[in-house]
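# Structural description and commentary
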Amino acid sequence: MPRGVVPRQPAKTGRQDRAMSLRPPKKIVRATPGRAGRGVASILGAGNVESKRTMRPRKGYNPLAREREILKRLDQLYPGATCALKHRNAWELLVATILSAQSTDVGVNKVTPVIFAKYPTVQDFAALNPEQLEPDIHTTGFFRNKSKWVVGAAKKIVSDFGGEVPSEINQLLTLPGVARKTANVVLGTWFGKNEGIVVDTHVQRISRRLELTPNEDPKKIEQDLMQVIPREKWTRFAHQVIWHGRKLCMARSPQCAECLLENICHAADKTWSTVEIHKNAK
Ligand code: SF4
């Protein structure tokens, strides 16, 4: 077990906590910000009892050691994790990501080869009325809105960006149907740019279980994650967590007994645990 993990684990007996409470009060020192910004203890919020306890100065304590351990174990579990949406270029990835809202990647991967065979270029999509695309994407759900977004995005890419999907986040965010999550997928996966962290339902759930954020709002979660995950790992981290959410850390009945992160995870909804449960970690 690497050093830096064990000190963050509460004693199973509770004796350690009791012993700490009997010591004379010490001056509280905030967790020292590391190269990526704040430590996780400081983003957990002043009202969180656990965060106050973990913020006590400890000999040899490194506020980012746990985050590094999480990243290391995700690398072990999912070394080649990447986007599961089939695509051959930035436009196809953009369309697939728009269609993936409230749908599964498997479902989207059945639809996209058909529509890209029918309409091979962004110009072909720009020439459509949204109603013409609706039958082809019907199975992905919310097809009326998605048709408007895809055709609208194609028209804007042709009229404003010379037919090329822009590689700047501010430009991507001007396209219909493109919010930060979609923009981050395209920038990270196709353009290799770490401009943000994709926060989908898996990243949202698992980041809370692993106490990387106390927030529920995806925008706030992304900001919290950007503080504790090194920038060069933002895209890979999101892909790995998404795979973890599909394979082991499902919303219902996570497979904790098989999880490599088990002894550093204190999630309240674990199905099996060797460590103390934190009621807010869910
Ligand atoms: S131990 Fe369970 S809840 Fe924690 S990350 Fe693993 S599967 Fe998810």
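To be clear, the structure that these remarks concern was listed above.
What comes next is a walk through the structure. Small disclaimer: the values here were computed from a predicted structure and weren't measured. (Residues numbered from 1 in each chain as written. Predicted model: local features only at pLDDT ≥ 70, side-chain atom pairs only at ≥ 80, totals over all residues. Heavy atoms only, no water.)

What follows is about the overall build of the chain. If you tally the helices and strands in the chain, you get 14 helices and zero strands. Traced from its N-terminal end to its C-terminal end, the chain shows the element sequence α-α-α-α-α-α-α-α-α-α-α-α-α-α. Relative to its 282 residues, the chain shows a buried fraction of 49%. The long-range fraction of contacts in the chain, counting pairs at least 24 apart against all pairs at least 6 apart in sequence, stands at 60%. (Helix = DSSP H or I, 4+ residues; strand = E, 2+ residues; numbered from the N terminus. Buried < 20%, exposed > 50% of the residue type's maximum accessible area, 1.4 Å probe, protein only. Contact = heavy atoms within 4.5 Å.)

Counted according to the given criterion, the structure contains 14 salt bridges. Salt-bridge contacts for Lys193 lead to Glu168; the nearest nitrogen and oxygen are separated by 3.1 Å. You can see Lys193 sitting in the loop between α11 (180–190) and α12 (201–209) and its partner Glu168 sitting in the loop between α9 (143–160) and α10 (169–172), a full 25 residues away along the chain. We classify Lys193 as partly exposed; its relative accessible area is 25%. The shortest N-O distance in the salt bridge between Glu262 and Lys270 comes to 2.7 Å. Summarising the burial analysis for this pair, Glu262 and Lys270 share the class buried. When salt bridges that share partners are traced, they join Glu69, Lys72 and Arg73 into one network. (Salt bridge = Lys/Arg side-chain N within 4 Å of Asp/Glu carboxyl O.)

Around the ligand, the neighbouring residues are Arg209, His244, Cys249, Pro254, Cys256, Cys259, Glu262, Cys265 and Lys270. Tallied by class, residues from the shell around the ligand come to five nonpolar, one polar and three charged. (Near = heavy atom within 4 Å. Nonpolar A, V, L, I, M, F, W, Y, C, P; charged D, E, K, R; others polar.)

The N-to-C vectors of helix α6 (residues 105–118) and helix α8 (residues 130–137) enclose an angle of 140°; their axes lie 10 Å apart at closest approach. It follows from the interaxial angle that α6 and α8 lie oblique. When α6 is examined against α8, the residues Val111, Ile115 and Lys118 are found in contact with a partner set consisting of Leu133, Asp136 and Ile137. Considered class by class, the residues forming the contact of α6 with α8 number four nonpolar, no polar and two charged. (Axes fitted to C-alpha atoms, helices over the stretch in contact; angles between N-to-C directions. Parallel < 35°, antiparallel > 145°, perpendicular 65-115°, else oblique.)

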